[in-house]
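A closer look at the structure
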Amino acid sequence: MDAVSGKMAPMGTGSVSDHTFCQPCANDDKTIPPDVFCTVCKEFLCSNCARVHRNMKFTKSHPLQDKSTMPSSLQPESENKHFTETCQRHAEEFIKYFCPNHETLLCGDCLAEKEHSSCTIERISQVAKRYKEGPKYNGLKAGLVQVVNDIGNLSDNIQASMKYIDEESFTNINALRKFRNDINQYLDKREQELLEEIEQKKQKSQSLLSELKSNCQDIQAATEKLKAELQAKEVNSNQLFISGTRAIKELVGFQSALKDIRGKNSVSYFKFTRDPTTEQLLASCTAIGRVDQVASDLADQVASDLADQQTKPQVSALNQSRADLSQSQFSKLPDVPVKASSDTCNCFLFRVALLPGDSLLLSDYNNRSLKLVDTTNNKLVSQVNLQSAPWGLCLLPGDRAAVTLPWEKKIQFVSTQENVTLQDVVKVDGLCHGIDFCDDNLIVSFSSPGKIVLMDMKGKVKTSVDKDSSGKPLFLCPSYLTVTRKSQTNVVYVTDRDTNTITKLSMSLEVLQSYQDPILRSPLGLTAVADNQLLVCGEASHNILFLDTHTGRITQLLGKDEGIEWPFSVAYCPQKKMVFVTCCYGSIPELDNFVKVFKVV
């Protein structure tokens, strides 16, 4: 048999150092007695080589046997050559056994422990023969593949989110700067209007004063001339008498002219007064706007992806954060009473709008009033009477709202700060019903004839639509409308109770699409809840429906079983996931005088 490097041929009995040498040194033809033995590398090492062995990264964890325990020579190859992993508890021993009960790897010393005395122990050399083709190893490989796939999906999701954040940041910055530019343009325009008004008032006052000054100078000149004439006649008493008698009449004329000048001397002075709404804006910490968090947490999205184990198309984080209400369940909450002690009849709540701070603004047609209700304590906190019955309403910037008065052919502006108070009024040409606000414009629906009109805040018409391309009327009774501002492109949705139709219009009032379904009859109030998602009241079908404007699918959410009868208006609070519904019949107090409330569960 060939001699093993580091070992001398046996010549007789003796110590370990008589028969073995440091193997690394032996490779350099040095014969240095060993001090330790590496059980992993199966090498004898001198003290210098042992120090190097302990400091090297890949061998520093190898157990070393000193002279008292190391073997006298290298043993012939056996099954030990197949075992290279040492026991974590017994560093001198190799792992050779497996305990299925505890799923633990064991060495020979571990077998002597009481913990495994009753276990059926398997030799690794036997188990390993069937392990490679067995279910555990295949399951391990499949699990690793799945983790790699999940990591890839997660990385893709993170990358898509990073891209979306960059794009959304760019979009938000552009939107902010555009809005700021709009504000600057409006302020410049308003400043110029005020400067022109000041100049007009100044010129008017100066013109009046100049005229009065000229009249005074004329009277003064005439008076001085008369005085001079009288003085000249003082040398002749007869002529003085005649001239003095005539001068009395002239003096009366002078006095009368002076009286007229004094009457016209009431010049109106003027003073610039700061607009309180603008001052409130300057004092606000949320002026111009806010940056709201709308995206769902990435961890929630990843958990959902892993649970489905499916690769889903990348969509914007904005839409991922919004639940599909068509799949939701609702619980009934207590109704909110809105009838005031001063009301002369049952309420007829044509429109409900959700204000910031958990308040509802309602138009009461029967009692000709607007009502402000606090939903935290379900109490009516403010009410203001109007010229006639209100119909639609919409919220405006600066704690304001606009209300349509169809029978007056007017739009009434109100303040909603703390209490509801009346402000200015704009006249319109027709019976105005539905109303909403967008980009400093009002979008208003009219009946008799049916049409949609885009106008400025002073009622000046910019554009309108009433007929389709063939000249047929587009609308018969467009009672309600809403503008969606969730996506980058604003659109208008109009309900027509006589045609059972919901029509989608661009902001230039071009028809984009229409929606109908047998389960929707006499559609009235509607509100946007997310991109491509609307809640719609079906008055004659007695239900609240969910419209997916992307697919055109209409689904019933609430109906008669939930107490919905003759619904007129609906509002949705995304933060609290609450739905507010007004129902109007006119002679059923439990319907007319309450706002119904539902919670998404």
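So, a few notes on the structure that sits alongside this text. (Residues numbered from 1 in each chain as written. Predicted model: local features only at pLDDT ≥ 70, side-chain atom pairs only at ≥ 80, totals over all residues. Heavy atoms only, no water.)

1. Topic: the overall build of the chain
- In terms of helices and strands, the chain carries 11 helices and 30 strands.
- The buried share of the chain, taken over its 601 residues, is 37%.
- For the chain, the proportion of contacts with a sequence separation of at least 24, taken over those separated by at least 6, is 43%.
- Per element, the accessible surface of the chain, about 36,100 Å² overall, is 52% carbon and sulfur. (Helix = DSSP H or I, 4+ residues; strand = E, 2+ residues; numbered from the N terminus. Buried < 20%, exposed > 50% of the residue type's maximum accessible area, 1.4 Å probe, protein only. Contact = heavy atoms within 4.5 Å. Areas by Shrake-Rupley, 256 points an atom, 1.4 Å probe, with all protein chains shown as cover.)

2. Here we look at the sheet that holds strand S11 (residues 379–385)
- Taking strand neighbours across the sheet as the criterion, the 4 strands line up as S8-S9-S10-S11 in an open arrangement whose pairing is antiparallel. Across the chains shown, the open sheet's two edge strands, defined by having one partner strand only, are strand S8 (349–355) and S11. This sheet shows a mean twist of 20° between the axes of neighbouring strands, independent of strand direction.
- As paired elements, strand S9 (residues 359–364) and strand S10 (residues 369–374) share 6 bridges and run antiparallel to each other. Bridge pairing in S10 places Ser 363 opposite Leu 370. (Pairing = 2+ DSSP bridges. Axes fitted to C-alpha atoms, helices over the stretch in contact; angles between N-to-C directions.)

3. A look at the packing of helix H6 (residues 135–232) against helix H7 (residues 237–264)
- Taken N-terminus to C-terminus, the directions of H6 and H7 make an angle of 165°; their axes are 10 Å apart at the nearest point. Of the possible angle classes, the one that applies to H6 and H7 is roughly antiparallel. Here H6 and H7 pass one another in a crossing that is left-handed. Together, Leu 208, Leu 212, Asn 215, Cys 216, Ile 219, Ala 222, Thr 223, Leu 226 and Leu 230 of H6 and Leu 240, Ser 243, Gly 244, Ala 247, Glu 250, Phe 254, Ala 257, Leu 258, Ile 261 and Lys 264 of H7 make up the contact between the two elements.
- Counted by class, the contact of H6 with H7 contains 13 nonpolar, 4 polar and 2 charged residues. (Parallel < 35°, antiparallel > 145°, perpendicular 65-115°, else oblique. Left-handed = near helix turned anticlockwise from the far one by under 90°. Nonpolar A, V, L, I, M, F, W, Y, C, P; charged D, E, K, R; others polar.)

4. Comments concerning a nonpolar patch on the surface
- There is a patch of nonpolar side chains on the surface, built from Tyr 131, Leu 140 and Leu 144 and spanning about 290 Å² of accessible area.
- With respect to the helices and strands, Tyr 131 occurs in helix H5 (residues 124–131).
- Classification of Tyr 131 as partly exposed rests on a relative accessible area of 37%. (Patch = residues over 30% accessible without salt bridge, like charges linked within 9 Å, V, L, I, M, F, W, Y side chains within 5 Å. Salt bridge = Lys/Arg side-chain N within 4 Å of Asp/Glu carboxyl O.)

5. Section: the nonpolar core
- Judged by nonpolar contacts, the single largest core of 35 residues is most densely connected at Leu 362, Phe 580 and Val 595.
- Excluding residues that lie within four positions of it along the chain, Phe 580 makes contacts with Val 352, Leu 354, Leu 360, Thr 375, Ser 569, Val 570, Ala 571, Cys 573, Val 595, Lys 596 and Val 597.
- Residues Val 529, Leu 557, Val 570 and Val 600 belong to the second largest nonpolar core, which totals 18 residues. (Core = buried A, V, L, I, M, F, W, Y, C linked by side-chain atoms within 4.5 Å.)

6. A look at the side chain of His 542
- Of note, His 542 is situated in the loop between strand S25 (533–538) and strand S26 (543–548).
- A polar side-chain atom of His 542 sits 3.5 Å from the main-chain carbonyl oxygen of Ala 540.
- A distance of 3.2 Å separates the side chain of His 542 from the backbone nitrogen of Trp 566, its partner in a polar contact.
- Sequence-distant contacts of His 542, that is, excluding residues within four places in its chain, are made with Leu 558, Gly 559, Lys 560, Ile 564, Glu 565, Trp 566 and Pro 567. (Polar contact = N/O pair within 3.5 Å; in protein donor to acceptor, adjacent residues only side chain to side chain.)

7. Some thoughts on the packing of aromatic side chains
- In total, this model carries 9 aromatic pairs according to the counting rule given.
- A cation sits over an aromatic face here: Lys 332 above Phe 598, 5.3 Å from the ring centre.
- Lys 451 extends its terminal NZ or CZ atom over the ring of Phe 446, reaching a point 5.3 Å from the ring centre. (Phe/Tyr/Trp six-rings, centres within 6.5 Å; stacked < 30°, edge-to-face > 60°. Lys NZ or Arg CZ within 6 Å of the ring centre and 35° of its normal.)

8. A word on the pattern of salt bridges
- The tally for this structure, following the rule as stated, stands at 11 salt bridges.
- With a shortest N-O distance of 3.2 Å, Asp 182 and Lys 178 are connected by a salt bridge. One end of the pair is Asp 182 and the other is Lys 178, both in helix H6 and 4 residues apart, which spans about a single turn.
- We classify Asp 182 as partly exposed; its relative accessible area is 32%.
- Lys 178 gets classed as exposed once you look at its relative accessible area, which sits at 52%.

9. Focus on the pairing of S9
- Most of S9 sits inside the fold, with 6 of its 6 residues counted as buried.
- Here S9 shows a buried face lined by Ser 359, Leu 361 and Ser 363 and a second buried face lined by Leu 360, Leu 362 and Asp 364.
- Both S8 and S9 contribute to a ladder of 6 bridges, which runs antiparallel. Bridging from a neighbouring strand, Arg 351 pairs with Ser 363 of S9.
- Between S9 and S10, which follow one another and run antiparallel, lie 4 residues, and Arg 368 among them has a positive phi close to 50°.

10. A closer look at helix H3 (residues 47–55)
- Considered for burial, the residues of H3 that qualify are Cys 49, Ala 50 and His 53. All buried residues of H3 lie within an arc of 105° about the axis, which places them on one face of the element.
- Each element contacted by the buried residues of H3 is listed here: helix H2 (23–26), strand S1 (36–38), strand S2 (43–45) and strand S3 (64–65). (Arc of directions from axis to C-beta.)

11. Considerations on the pairing of strand S16 (residues 431–438)
- Of all 8 residues in S16, 8 are buried; the element is thus mostly enclosed.
- As judged from the 6 bridges shared by S16 and strand S17 (residues 441–447), these two strands associate in the antiparallel manner. Within the sheet, the bridge partner assigned to Leu 431 lies in S17 and is Ser 447.
- Here S16 folds back onto S17, and the loop between the two strands holds 2 residues, one of which, Asp 439, carries a positive phi near 50°.

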